[in-house]
Amino acid sequence: MGVYLRGKVWWYVFEYQGRKIQESSGFTNKTAALRAEAKRRADLIDRRAGFTKLKLAPKFEEFVEQFLEWSEQQHRPKTHGLHEWNCQTLNRFFKGKYLDEITSEMVEDFKSARKHERRQKAKDGRTVKNATVNRALTTLKLLFHQAERSGYAVKNPVIGVAMFREPLDSMRVISFEEQAAYLSETSQPLSDIAKVMLDTGMRPEEVFRMRAENIDFKQKTIFNPFGKTKAARRTIPMTDDVLSLLKVRAKEGTRMGTPFLFPSPHNVQKPIGSVKKAHKAAVERAKIKRHFRLYDLRHTFATRAVASGADLPTLSALLGHASIQMTMRYVHPAAEQKRVAIERFEKFRTDATIAAAMAQKSQGVTTKVTTVGRVN
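First, a word on what this report is: a plain description of the structure on this page. Bear in mind the structure is a predicted one, so any value in this text is a computation, not a measurement. (Residues numbered from 1 in each chain as written. Predicted model: local features only at pLDDT ≥ 70, side-chain atom pairs only at ≥ 80, totals over all residues. Heavy atoms only, no water.)

Another aspect to go through is the overall build of the chain. When you go through the chain residue by residue, the secondary structure sums to 14 helices and six strands. By the compact-globule yardstick of 21 Å for 376 residues, the chain is too spread out, its C-alpha radius of gyration being 31 Å. For the chain, the spread of C-alpha atoms along the three principal axes comes to 120 × 75 × 45 Å. For the chain, the proportion of its 376 residues judged to be buried stands at 38%. Residue pairs at least 24 apart in sequence account for 57% of intrachain contacts in the chain once pairs closer than 6 positions are excluded. Carbon and sulfur atoms provide 55% of the accessible area of the chain, an area that totals close to 23700 Å². (Helix = DSSP H or I, 4+ residues; strand = E, 2+ residues; numbered from the N terminus. Rg over C-alpha atoms; globule rule 2.2 N^0.38 Å. Buried < 20%, exposed > 50% of the residue type's maximum accessible area, 1.4 Å probe, protein only. Contact = heavy atoms within 4.5 Å. Areas by Shrake-Rupley, 256 points an atom, 1.4 Å probe, with all protein chains shown as cover.)

Written out as structure tokens, the structure is:
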């Protein structure tokens, strides 16, 4: 027990309350490393003596259980499920380590190793996507944040670790031809869900959980009471097509004794949970080759709304975004829209140039008015 050299940096190791403390001092000087070890020992003793309220950090896998219990109470089932899945991956890398032993360097190692792992069920050897690694880092960051709030003596090692870049082209807008082909192959309730998304821009989960009590058929509005932000909890106007569609669904819901417009086929007292299989089958039958997710219908609505003249603040409110910057990521101008924009710009520039030239020519010149007789 004591200090030892590891590369160019001195590390210290000692036992405290049956636990092995082995950490980098961060110093290349032995004397400084000894002082760092003494300070670390003193900090532990102070905590034990009650001079500080901070608690000794537990092992990673132990706190994961606490974190998931908290998440289950705080998050929606889908969000909690994502954290649960990510924690399984994180446990493979950090199990057996105390929270305060995990450093930013270890997080970087996890980030790199995870990126080079093969995807599950991938037959072509493709590795894990950047977005998948980023979601795990988000869970890890939240886990440490919760540990800090729980009074454990830890520092968040994810702070300062850069996320991988995620391609913006993963957001896709379908054409009207693709829409017609897709809708002709969709089964219910997917067909109605897709139509609502295309005409309102609502998220799939928002449509799934739609209740009759939140529909105002007189005012032609839908109230969405769910969401992480105030902006997400919003009132959305309906088109005539959506109004007619939802009236039929509300009537059917009353007959079935369910408050949901899209009830689960297994339990009508719960909303439908997913239409992934139906969507995938419809895409295949419609022979749409490019990757197409159900969520892309939301992007399609946003782009079409802008093309039809909607301004960004209004669109942001319709989509339930907390900032216009997020809304701008959803808007994908088509090639035709770009061409029309350039033509308008060109006409504006030409007219302004001609007007300026005429004004300059007329300065200082006396204008003569000549009456010309009519020639028979």
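Picking up where we left off.
Taken in spatial order, the three strands make up an open sheet running β1-β2-β3, and their pairing is antiparallel. The open sheet terminates on both sides in strands that have one partner only, identified here as β1 (2-6) and β3 (19-27). Across the sheet, the mean angle separating the axes of adjacent strands is 30° when strand polarity is ignored. Summarising the sheet, β1 and strand β2 (residues 9-16) pair through five bridges and their orientation is antiparallel. For Tyr4, the partnering residue across the bridge sits in β2 and is Trp11. (Pairing = 2+ DSSP bridges. Axes fitted to C-alpha atoms, helices over the stretch in contact; angles between N-to-C directions.)

A few words now on the nonpolar core. Judged by nonpolar contacts, the single largest core of 33 residues is most densely connected at Tyr182, Met210 and Leu246. For this core, the secondary structure elements donating two or more residues are α6 (176-185), α7 (190-200), α8 (204-208), α9 (240-256) and α10 (276-286). Once residues within four sequence positions are removed from consideration, Tyr182 is found in contact with Leu190, Ala194, His279, Ala282, Val283, Ala286, Ile288, Phe292 and Leu294. Counting residues in each nonpolar core, the second largest holds 26 residues, with Leu68, Trp70, Cys87 and Leu99 among its members. (Core = buried A, V, L, I, M, F, W, Y, C linked by side-chain atoms within 4.5 Å.)

A cluster of acidic residues, Glu62, Glu65, Glu69, Glu72 and Glu84, forms a negative patch at the surface. Ranked by residue count, the leading element in the negative patch is helix α2 (residues 60-74), at four residues. Tracing the backbone through its elements, the reader meets Glu72 in helix α2. (Patch = residues over 30% accessible without salt bridge, like charges linked within 9 Å, V, L, I, M, F, W, Y side chains within 5 Å. Salt bridge = Lys/Arg side-chain N within 4 Å of Asp/Glu carboxyl O. Lys, Arg positive; Asp, Glu negative; His and termini not counted. Charge placed at Lys NZ, Arg CZ, Asp CG, Glu CD.)

In this structure the tally under the stated criterion is 18 salt bridges. For Arg19, the salt bridge identified is with Asp100, shortest N-O distance 2.6 Å. Placement of the pair is Arg19 in strand β3 and Asp100 in the loop between α3 (77-94) and α4 (104-115), with a sequence separation of 81 residues. Using a relative accessible area of 18% as the deciding quantity, one classes Asp100 as buried. The network of salt bridges with common partners includes Arg19, Glu23, Arg40 and Asp100.

Moving on: the sheet that holds strand β4 (residues 215-216). Backbone hydrogen bonds are what pair the strands of a sheet, in a parallel or an antiparallel way. Spatially, the three strands line up as an open sheet ordered β4-β5-β6, and their pairing is antiparallel. The sheet is open, and its two edges are formed by β4 and β6 (234-237), each paired on a single side. Sheet topology places β4 next to strand β5 (residues 221-224); two bridges connect them, and they run antiparallel. When the bridges of β5 are listed, Asp216 appears paired with Thr221.

This paragraph deals with empty space enclosed by the protein. Scanning all chains against the criterion turns up one cavity of 30 Å³ or more. Taken as a whole, the largest cavity spans an internal volume of roughly 40 Å³. Taken together, Met202, Glu206, Arg209, Met210, Arg211, Asn214, Ile222, Phe223, Asn224, Pro225 and Phe226 form the lining of the largest cavity. Among the elements that take part in the lining of the largest cavity, β5 stands out by supplying three residues, more than any other. Tallied by class, residues from the lining of the largest cavity come to six nonpolar, two polar and three charged. (1 Å grid on protein atoms, 1.4 Å probe; cavity = no way out; pocket = protein on both sides within 12 Å on 5 of 7 lines; lining within 4 Å. Points joined across faces, edges and corners; volume = space filled by probe spheres on them. Nonpolar A, V, L, I, M, F, W, Y, C, P; charged D, E, K, R; others polar.)

A separate point is α3. Over its 18 residues, α3 runs 25 Å from end to end, which matches the ideal 26 Å to within 8%, given 1.5 Å per residue. Every buried residue of α3 is listed here: Thr79, His80, His83, Asn86, Cys87, Thr89, Leu90, Asn91 and Phe94. Considering only its buried residues, α3 is in contact with α2, α4 and α5 (130-149). Positive phi shows up at Gly96, right after α3, with a value of about 95°. (Expected span 1.5 Å × (residues − 1).)

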